[in-house]
Amino acid sequence: MEAQPTGKRRRIVLLGGPGSGKGTAAAWLAKKLAVPHLSTGDMLRAEIAAGSDLGREAAASTASGRLVSDDLVLRLVAAHLGKDAAPGFVFDGFPRTVAQAESLDRLLHERASRLDLVLHLDVPLAAVEERIVGRLGCPSCGRVYHATRMPPKKDGVCDVCGAALQKRKDDNLEVLRERWKVYGEWGPRLVAYYRRHGGFAEMDADVTAEELYAKVWEATTA
Ligand code: ADP
């Protein structure tokens, strides 16, 4: 494997509740590090849009804000991680249970790899509601926008690839509250798990996207 510059972590997990900015930060960081952005939410939405068996299995849970089964998520992750997990990755929305975290450790161990950094983005629910209700995403390249805070240059059209932007089916207040409740159950357990394992950093993410990128980069290069 090619030697990596020291002081830069490249095998990263971003933890955070719905609307914490982890998807936006993960996309930015993955591009900056030139590693894949592995979002299990995006993977599931792609399977659902394609109408695959796996997508059909996941559709009801994602629409209502509940977790899909560990087994299903792990099949997706193993397929996307590749054989050697090099030169790195940024996971977003995974792991979401301690069983998934243990499975990730195993998958990496089998590839002679391990995590360098787990970043926890902390935001209160009040800040998240406005973000989620205005959120728009590109179904083609995954870029995330906000109707007023981060609008595309041309209304309803992705700046990067020109596709028509969409609102996620689960981005409404009712499903958000369920997603937030679910996060309240798994989030603290995962934080406790990764605190024990080292390479853990936590940040106040109730800040602008640019400020968050700066904090994330500081933690990555620390
Ligand atoms: P959020 O903004 O709520 O973090 P995501 O795009 O990460 O949204 O996930 C959307 C939905 O996909 C979740 O509400 C859940 O149903 C499902 N999902 C995504 N990742 C996982 C996972 N690792 N384990 C179980 N379910 C998942």
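Residues numbered from 1 in each chain as written. Predicted model: local features only at pLDDT ≥ 70, side-chain atom pairs only at ≥ 80, totals over all residues. Heavy atoms only, no water.

A.B. asks: Provide a residue-level description of the packing of aromatic side chains, including the pertinent values.
C.D. replies: For the structure on display, the rule yields 7 aromatic pairs. Measuring from centroid to centroid gives 4.8 Å for Tyr183 and Trp186, while their planes differ by 80 degrees, and the two rings are edge-to-face. A residue pair is termed a helical-turn pair when its members lie 3 or 4 positions apart in one helix, as Tyr183 and Trp186 do in helix H7 (residues 173-197) at 3 residues. Across the pair, Trp186 and Tyr183 agree in class, each one buried. Here the aromatic cluster, defined as three or more aromatic residues joined through ring pairs, consists of Trp28, Tyr213 and Trp217. (Phe/Tyr/Trp six-rings, centres within 6.5 Å; stacked < 30°, edge-to-face > 60°. Helix = DSSP H or I, 4+ residues; strand = E, 2+ residues; numbered from the N terminus. Buried < 20%, exposed > 50% of the residue type's maximum accessible area, 1.4 Å probe, protein only.)

A.B. asks: Just give me the short version of the pairing of strand S4 (residues 117-122), but keep the residues and values in it.
C.D. replies: The buried fraction of S4 is high, at 5 of 6 residues. Pairing between strand S1 (residues 11-16) and S4: 5 bridges, direction parallel. Its bridge partner lying in S4, Val13 is registered against Val118. Note: S4 against strand S7 (residues 200-204), 5 bridges, orientation parallel. Within the sheet, the bridge partner assigned to Val118 lies in S7 and is Phe200. (Pairing = 2+ DSSP bridges.)

A.B. asks: An account of helix H8 (residues 209-221) is requested, with residue identities and associated values reported.
C.D. replies: Compared with the 18 Å implied by 1.5 Å per residue over 13 residues, the 18 Å span of H8 between its first and last C-alpha is a close match. Residues of H8 that are buried include every one of Leu212, Tyr213, Val216, Ala219 and Thr220, and no others. Buried residues of H8, seen end-on, are gathered within an arc of 130 degrees and therefore sit on one face of the element. Residues of H8 that are exposed and angled more than 90 degrees away from the buried face: Glu210 and Glu218. Against S1, helix H1 (22-33), S4 and S7 lie the buried residues of H8. (Expected span 1.5 Å × (residues − 1). Arc of directions from axis to C-beta. Contact = heavy atoms within 4.5 Å.)

A.B. asks: Can you tell me about helix H2 (residues 40-50), naming the residues and giving the values?
C.D. replies: The complete set of buried residues in H2 reads Thr40, Met43 and Leu44. Taken end-on, H2 shows its buried residues confined to a sector of 95 degrees, consistent with a single buried face. Where H2 terminates, the next one or two residues include Gly51, which has phi positive at roughly 70 degrees.

A.B. asks: I'd love a proper account of the side chain of Gln100, names of residues and values included.
C.D. replies: Summarising the element assignment, Gln100 is placed in helix H5 (residues 98-110). We classify Gln100 as buried; its relative accessible area is 3%. Here the side chain of Gln100 touches Asp70 through a polar contact of 2.9 Å, side chain to side chain. Once residues lying within four places of it in the same chain are set aside, the contact partners of Gln100 are Asp70, Val73, Phe94 and Pro95. (Polar contact = N/O pair within 3.5 Å; in protein donor to acceptor, adjacent residues only side chain to side chain.)

A.B. asks: Which residues make up the site of the ligand, and what values do they have?
C.D. replies: The ligand sits among 20 residues. The nearest are Lys22, Thr40, Arg66, Gln100 and Arg179. Arg45 is positioned such that a nitrogen or oxygen atom in its side chain is 3.0 Å from an oxygen atom of the ligand. Contacts to the ligand include Gly93, whose backbone N or O atom sits 3.0 Å from a nitrogen atom. If the ligand stood free it would expose 550 Å²; the protein chains cover 97% of that surface. Breaking the shell around the ligand down by element, the ones donating at least two residues are H2 and helix H3 (53-64). The greatest single-element share of the shell around the ligand, amounting to 4 residues, is contributed by H2. Residue composition of the shell around the ligand, grouped by class: 6 nonpolar, 6 polar and 8 charged. (Near = heavy atom within 4 Å. Areas by Shrake-Rupley, 256 points an atom, 1.4 Å probe, with all protein chains shown as cover. Nonpolar A, V, L, I, M, F, W, Y, C, P; charged D, E, K, R; others polar.)

Just distances and angles here, no functional claims.
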